[in-house]
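# Survey of secondary and tertiary structure
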Amino acid sequence: MRKLLLLLMAFTVSAAQVFAQGKVVTGKVSDEKDGAPLNGVSVVVKGTSIGTTTSKDGLFSINVPAGATTLVFSFVDFTSTEVVIGGKSVINVALTSEDKAMSEVVVVGYGTQRKRDLTGSVTQVKAADLQNRPIQGPDQALRGQVAGVTVTQSSGTPGASLNVNIRGTGSINASSQPLYVVDGIPLNTGSYSQIGVGGQTLNSLADINPNEIESYEVLKDAAAVAIYGSRAANGVVLITTKRGANKKTKVNVNSYYGISDAYNTIPVLTGPQYVELLQEGVRERYGATIVPSQLGLVGLNNAPSTYPTTNWQDLIFRQATIKSMDVNAQGGNDKTRFFISGGVFDQNGIVINSNFKRYNFRINLDNTITDKLKLTGGIALSRSESNRLRNDNNIYGVVSTSLLLGSHIPAYNPNGTYGRDPNASIENPLANAFEVTNAIRNNRSWGLVGYIGRVNYAYKGRYLFSASLRRDGSSRFGANRRWGTFPSISGAWRLKEESFLSNVNFLSDLKIRASYGIAGNANIADFASLPLVGAGANYIQGAGLAPSQLGNPNLGWEEAEQTDIALEFQLFKKINIIAEYYVKNTNNLLLAKPLVGASGFTSVTENIGKLQNKGVEISINGDLIRKKDFSWNTNFNITFPDNKVVKLFNGVPFASGFASWVQEGEDLGSFRGFVMKGIFQNAAQIAAAPTHSSATRPGDVEFEDLNKDGRITSDDQRIIGSAVPDWFGGFTNDITYKKFSLNVFFQFVQGNEIYNNTRSFGEGMNGVFGQAATTWDRWTPSKPSTTTPRAVFGDPSNNRRVSTRWVEDGSFVRLKNIVLSYTVGKSRVFIQAENLKTWTKYKGFDPEVSTFSITNTAPGTDFLTYPQARTFSFGVNVTL
């Protein structure tokens with residue numbers, strides 16, 4: 001008993017001594033900017049596990065043991081602060097907002113880096129900033145968000161591919177699309193459909209649910225992309241999907257519903273106007289007494305006023321629905337973390353009977369087995385269904401025939417069958433939409449072996465250096481050049497860390513970086529280097545085989561050699577500016593070398609030619625205002641590209657598409673044709689002008705005699721435009737006021753031309769195709785026009801030849817997206833509009849167009865292309 005009492009006394013004295021030596025420290029933590037209390041700040045006694053967090057009023061209370069000297073205050077998005085305790089029992093702390101732009105971690109090839117330590121050109125796009133936009137796939141998310149990246153939605157077809165170029169078109173015959181890497185796995189993004197639906201191609205990226213994505217990183221210069229070697233000449237897009245976290249499980253429900261329509265249509269002639277024009281064209285060609293039936297044209301002799309009018313565009317375009325629903329759960333503990341997601345996306349096209357539907361399911365798991373061993377895995381399942389209609393560079397498509405079928409034809413005959421034009425092979429647009437079914441299945445642009453290495457070095461946080469080397473071998477190239485080596489080197493100097501700038505307070509950061517490297521392009525046919533044999537060479541009624549392709553054992557990589565220099569600086573910890581200059585030379589282009597016919601082959605693929613892309617990129621991001629109830633963040637980027645064909649085989653130019661022309665010294669994307677001078681008003685003008693044709697009459701187009709030889713021939717053609725813009729970019733503003741948030745995104749392109757081949761058909765006035773309303777102002781003796789020629793059947797003077805008549809300014813500014821949202825607790829409701837307003841002089845459906853979809857040599861051509869939709873939607877995000 002005595003021993004027990006002595007023990008209790010000793011324990012009591014000891015406890016009293018500890019209590020006497022320790023103490024309770026209280027205080028308040030606030031935001032340095034506006035003094036607002038910070039809830040949830042971690043307060044820890046340095047060197048111990050003793051800690052607490054602040055209340056919603058920013059208050060804390062902590063028991064500090066004897067001998068403790070320092071409290072550590074840390075909070076997300078704020079700089080950690082250490083405070084010496086000393087004799088204080090009350091400590092109030094104001095935390096400084098962390099420079100998020102510089103401290104954020106970005107994904108680079110096979111790793112991550114802090115943004116402030118980057119020596120290469122890497123731009124991050126956070127998926128959270130693009131949430132709930134009605135986009136089908138991740139490639140759409142990049143539109144207007146990254147300097148140097150052009151994204152052309154060449155067709156409005158649901159599920160169709162997009163043309164994405166990073167720092168210009170980098171090849172002529174090989175692909176110029178970037179490499180997409182999802183969670184470290186490269187995607188096979190080629191389109192392998194052999195079904196003839198026109199210029200549109202399938203889009204494997206549309207199979208990815210954008211709501212499963214955490215971030216996009218766009219790798220642009222050689223220092224960033226060379227680690228991917230033979231596939232990186234056109235840049236790399238890294239897509240990181242969401243993963244679990246060591247926190248309480250969070251369930252998110254995201255849903256929206258919208259209505260889409262065609263925001264623009266092309267006015268056409270009425271039925272009576274069309275018949276009047278055709279009868280006039282017949283008389284102009286064959287004489288005043290000739291009627292259409294004498295030429296074999298059926299049912300066109302009657303008085304024009306007796307014919308009906310069918311507006312085919314009104315019949316094929318519709319208000320279409322777009323729906324999206326996905327649910328995900330995210331959570332875990334210190335050992336195991338998970339992300340599970342499932343969703344459905346259902347988009348009806350604005351053209352009847354076109355649609356795209358996607359089902360997604362994903363599981364991402366991370367398990368920390370030991371401090372040195374981590375297991376990461378994921379499963380992603382996707383199924384896409386679409387009904388694809390013939391359109392885009394296809395005169396038998398639904399949109400196509402709505403313009404090309406005369407408006408004098410009824411939609412249905414009295415017996416219920418589809419109305420048809422007996423004088424043309426053009427189908428009824430309604431029959432095209434409902435009676436043709438395209439079901440597509442794809443299995444997946446082959447073998448590749450690569451070895452990589454990279455070293456990063458930083459000295460004092462201000463001198464940064466990086467170098468990488470990759471060596472690849474590809475089954476696509478010849479036996480003598482199967483392997484390629486792709487090096488890069490880059491460095492950066494953070495001048496702000498130097499003493500001579502340390503007192504320049506308005507300058508928060510300043511960095512100069514430069515890089516050089518080589519990346520490859522292996523995106524050609526799988527067997528381009530091999531001699532091939534094909535069937536069909538029958539002999540004496542027996543089946544036979546014959547050589548179909550000449551092999552080339554010396555066929556090797558296209559190499560993109562790129563130099564980059566950039567200046568990055570931050571002002572007042574608010575405004576981040578990056579100005580970048582790049583030069584990318586693509587050498588050893590994979591081109592077809594013409595052969596003499598006696599060889600038995602017309603061409604062989606060799607490494608010939610050179611392209612150059614250079615330009616200036618400027619990005620400005622400003623966290624302009626950030627207060628308790630109001631904030632304003634803006635992002636602006638602009639690019640000034642310069643693209644040139646430097647070298648071709650023997651300097652010989654060649655044609656592509658309808659009017660595109662590939663020539664040394666010119667843009668890759670140039671148009672070539674005649675120059676329209678005006679319209680002949682009388683016979684005297686024709687007699688005084690260079691000879692056009694023996695059929696030329698008043699009302700026909702006069703073309704420029706460029707070589708001054710007195711005749712209009714093919715030698716009088718020149719470069720008449722370019723699809724390459726002078727500049728392009730995007731402008732985004734995020735504004736919040738209390739629980740309201742407004743996001744406004746503008747997209748702009750300036751200085752590019754479009755070859756409007758739709759107009760050359762719709763204003764040709766030379767046959768039985770339906771005609772645009774603009775032809776009503778055509779030249780006649782009593783109404784002489786200076787812009788639109790006469791109607792003449794068969795067009796004997798070739799008025800509709802490729803010329804400046806069809807080249808239009810493709811510049812536009814588009815209010816691409818606007819979202820207004822309201823936050824209630826952890827939930828959010830929003831309304832949004834996509835493609836709300838477009839300012840352009842272009843006369844077609846849409847200035848963001850390319851009928852050949854993914855093309856290197858013929859961009860910027862419009863021919864009967866499915867237009868983009870305008871969409872209004874309402875949605876909710878609920879977090880449980």
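Reading the values: rules and limits
Residues numbered from 1 in each chain as written. Predicted model: local features only at pLDDT ≥ 70, side-chain atom pairs only at ≥ 80, totals over all residues. Heavy atoms only, no water. Helix = DSSP H or I, 4+ residues; strand = E, 2+ residues; numbered from the N terminus. Buried < 20%, exposed > 50% of the residue type's maximum accessible area, 1.4 Å probe, protein only. Areas by Shrake-Rupley, 256 points an atom, 1.4 Å probe, with all protein chains shown as cover. Lys, Arg positive; Asp, Glu negative; His and termini not counted. Charge placed at Lys NZ, Arg CZ, Asp CG, Glu CD. Phe/Tyr/Trp six-rings, centres within 6.5 Å; stacked < 30°, edge-to-face > 60°. Polar contact = N/O pair within 3.5 Å; in protein donor to acceptor, adjacent residues only side chain to side chain. Contact = heavy atoms within 4.5 Å. Core = buried A, V, L, I, M, F, W, Y, C linked by side-chain atoms within 4.5 Å. 1 Å grid on protein atoms, 1.4 Å probe; cavity = no way out; pocket = protein on both sides within 12 Å on 5 of 7 lines; lining within 4 Å. Points joined across faces, edges and corners; volume = space filled by probe spheres on them. Nonpolar A, V, L, I, M, F, W, Y, C, P; charged D, E, K, R; others polar. Pairing = 2+ DSSP bridges. Axes fitted to C-alpha atoms, helices over the stretch in contact; angles between N-to-C directions. Expected span 1.5 Å × (residues − 1). Patch = residues over 30% accessible without salt bridge, like charges linked within 9 Å, V, L, I, M, F, W, Y side chains within 5 Å. Salt bridge = Lys/Arg side-chain N within 4 Å of Asp/Glu carboxyl O. pLDDT = per-residue confidence, 0-100.

### Concerning the overall build of the protein
- From N to C terminus, the protein includes nine helices and 47 strands.
- Expressed along its principal axes, the backbone C-alpha trace of the protein runs to roughly 135 × 65 × 60 Å.
- For the protein, with 880 residues in total, the buried portion stands at 49%.
- Carbon and sulfur atoms make up 56% of the accessible area of the protein, which totals about 39,200 Å².
- On the protein, the mean spot of the 86 positive side-chain charges and the mean spot of the 71 negative ones are 7 Å from each other.

### Considerations on the environment of Gln-273
- In this structure, Gln-273 sits in helix H4 (residues 271–286).
- Residue Gln-273 is classed as partly exposed on the basis of its relative accessible area, which comes to 21%.
- Remark: the alpha-carbon pair of Gln-273 and Arg-362, spanning 89 residues in sequence, is separated by 57 Å.

### Let's talk about the packing of aromatic side chains
- Enumeration over the complete set of coordinates arrives at 20 aromatic pairs.
- Aromatic pair Phe-317 and Phe-845: ring centres 5.9 Å apart, planes at 80 degrees, arrangement edge-to-face.
- Ring geometry for Phe-674 and Phe-703: centres 5.8 Å apart, planes at 55 degrees, overall tilted. Placement of Phe-674 in the loop between strand E36 (670–673) and strand E37 (676–679) and of Phe-703 in strand E38 (residues 701–703) is noted, with a sequence separation of 29 residues between them.
- Aromatic rings pair up to connect Phe-658, Phe-761, Phe-769, Phe-852 and Phe-863 into one cluster.

### Looking at the side chain of Glu-498
- Among the secondary structure elements, Glu-498 is positioned in the loop between strand E24 (483–494) and strand E25 (507–521).
- Only 3.3 Å separates the side chain of Glu-498 from the side chain of Arg-462, close enough to count as a polar contact.
- Once residues lying within four places of it in the same chain are set aside, the contact partners of Glu-498 are Arg-462, Tyr-463 and Trp-493.

### A look at the nonpolar core
- Ranked by internal contacts, the top residues of the largest apolar core, which has 40 residues, are Leu-278, Phe-317, Ile-350 and Val-351.
- Listed by contribution, the elements that provide at least two residues to this core are H4, helix H5 (312–316), helix H6 (398–404) and helix H7 (429–434).
- No other element matches H4, which puts five residues into this core.
- If near-sequence neighbours (up to four positions away) are discounted, Leu-278 is found in contact with Pro-292, Leu-297, Leu-300, Gly-767 and Val-768.

### Quick word on empty space enclosed by the protein
- Here the largest cavity is characterised by a volume of approximately 610 Å³.
- Looking at the lining of the largest cavity, the elements with two or more residues in it are strand E11 (149–152), strand E12 (163–166), strand E32 (610–626), strand E33 (630–647), strand E40 (727–737) and strand E41 (740–750).
- Here the element with the most residues in the lining of the largest cavity is E33; it accounts for five residues.
- Of the residues that constitute the lining of the largest cavity, the class distribution is 17 nonpolar, 19 polar and five charged.

### Comments concerning the sheet that holds strand E5 (residues 70–74)
- In spatial order, the strands read E3-E2-E5-E6; together these four strands make up an open sheet with antiparallel pairing. Each edge of the open sheet is held by one strand with a lone partner, namely strand E3 (51–53) and strand E6 (81–84). Going across the sheet, the axis of each strand differs from the next one's by a mean of 20 degrees, ignoring polarity.
- Here strand E2 (residues 42–45) pairs with E3 via three bridges, running antiparallel.

### As for the sheet that holds strand E46 (residues 861–862)
- As summarised here, the arrangement of the three strands in space is E43-E42-E46, forming an open sheet in which the pairing is mixed. The two strands at the open ends of the sheet, each matched to only one other strand, are strand E43 (807–809) and E46.
- Note that strand E42 (residues 753–756) and E43 share three bridges and pair antiparallel. By the bridge assignment for E43, Glu-753 is matched with Asp-809.

### Comments concerning H4
- In this model H4 runs 23 Å from its N-terminal to its C-terminal C-alpha over 16 residues, within 8% of the 22 Å that 1.5 Å per residue would give.
- Within the sequence span of H4, burial applies to Gly-271, Tyr-274, Val-275, Leu-277, Leu-278, Gln-279, Glu-280, Gly-281 and Val-282.
- After H4 finishes, the residue Gly-287 shows a positive phi value of roughly 120 degrees.

### Re unusual backbone geometry
- Unusually for a residue other than glycine, Asn-650 sits at a positive phi of about 55 degrees.
- One non-glycine residue, Asn-835, lies in the positive phi region at around 55 degrees.
- Tracing the backbone through its elements, the reader meets Asn-835 in strand E45 (residues 827–840).

### Some remarks on a nonpolar patch on the surface
- Among the surface-exposed residues, Phe-630, Trp-632, Tyr-737, Phe-740, Leu-820, Tyr-822, Val-824, Val-829, Ile-831 and Phe-874 lie close enough to one another that they form a single nonpolar patch of about 900 Å² accessible area.
- Per-element accounting of the nonpolar patch gives the leading share, three residues, to strand E44 (residues 812–824).
- By the element assignment, Ile-831 lies in strand E45.
- For Ile-831, a relative accessible area of 46% corresponds to the partly exposed category.

### Structural notes on the pattern of salt bridges
- Taken as a whole, this structure holds 36 salt bridges when the rule is applied.
- The salt bridge partner of Arg-462 is Glu-498, with a shortest N-O separation of 3.3 Å. Taken together, the residues Arg-462 in the loop between strand E22 (448–459) and strand E23 (463–474) and Glu-498 in the loop between E24 and E25 connect sequence positions 36 residues apart. Glu-498 matches Arg-462 in its accessibility class, with the two residues each being buried.
- The partner of Arg-759 in a salt bridge is Glu-808, and the shortest N-O contact between them spans 3.0 Å. Placement of Arg-759 in helix H9 (residues 757–762) and of Glu-808 in strand E43 is noted, with a sequence separation of 49 residues between them.
- Several salt bridges converge on common partners, so that one network encompasses Arg-167, Lys-220, Lys-511, Arg-513, Asp-564, Glu-568, Glu-580 and Glu-617.

### Some points on the environment of Gly-377
- Along the chain, Gly-377 falls in strand E21 (residues 373–387).
- Remark: the alpha-carbon pair of Gly-377 and Ile-322, spanning 55 residues in sequence, is separated by 32 Å.
- When neighbours within four sequence positions are excluded, Gly-377 is seen to be in contact with Arg-243, Ile-363, Asn-364 and Leu-365.

### Observations regarding the pairing of strand E19 (residues 336–348)
- Where strand E18 (residues 320–332) lies against E19, 11 bridges are found, and the strand directions are antiparallel. Paired with Gly-332 across the strands is Arg-337, a residue of E19.
- Between E18 and E19, which pair antiparallel one after the other, the connecting turn spans three residues.
- Note that E19 and strand E20 (residues 355–370) share 13 bridges and pair antiparallel.

### Quick look at the pairing of E45
- One ladder, built from 12 bridges, connects E44 with E45; its direction is antiparallel. Residue pairing across strands places Val-824 opposite Ser-827, the latter belonging to E45.
- Hairpin remark: E44 followed by E45, antiparallel, with two residues in the connecting loop; positive phi at Gly-825, about 60 degrees.
- Direction of pairing for E45 relative to strand E47 (residues 869–879): antiparallel, over a ladder of seven bridges. Looking at the pairing, Arg-828 lines up with Asn-877 of E47.

### Focus: the confidence of the model for the protein
- In the predicted model, the protein carries a mean pLDDT of 88, and the fraction of residues at 70 or more is 94%.
- In this model, residues 4–20 is a region of pLDDT below 50 whose contacts with residues beyond four sequence positions or in other chains number zero contacts.

### Digging into the side chain of Ser-176
- Residue placement: Ser-176 occurs in the loop between E12 and strand E13 (179–182).
- Given a relative accessible area of 1%, Ser-176 falls into the buried group.
- Within the local environment of Ser-176, its side chain forms a polar contact with the side chain of Asn-856, the two groups lying 3.1 Å apart.
- The contact partners of Ser-176, leaving out residues within four places of it in the chain, are Val-164, Asn-165, Thr-169, Gly-170, Ser-171, Asn-234 and Asn-856.

### So, the environment of Asp-623
- Relative to the helices and strands, Asp-623 resides in strand E32.
- Distance in space between the C-alpha atoms of Asp-623 and Asp-734 is 9.6 Å, their sequence separation being 111 residues.
- Setting aside residues no more than four positions away along its own chain, Asp-623 makes contact with Lys-574, Trp-632 and Asn-633.

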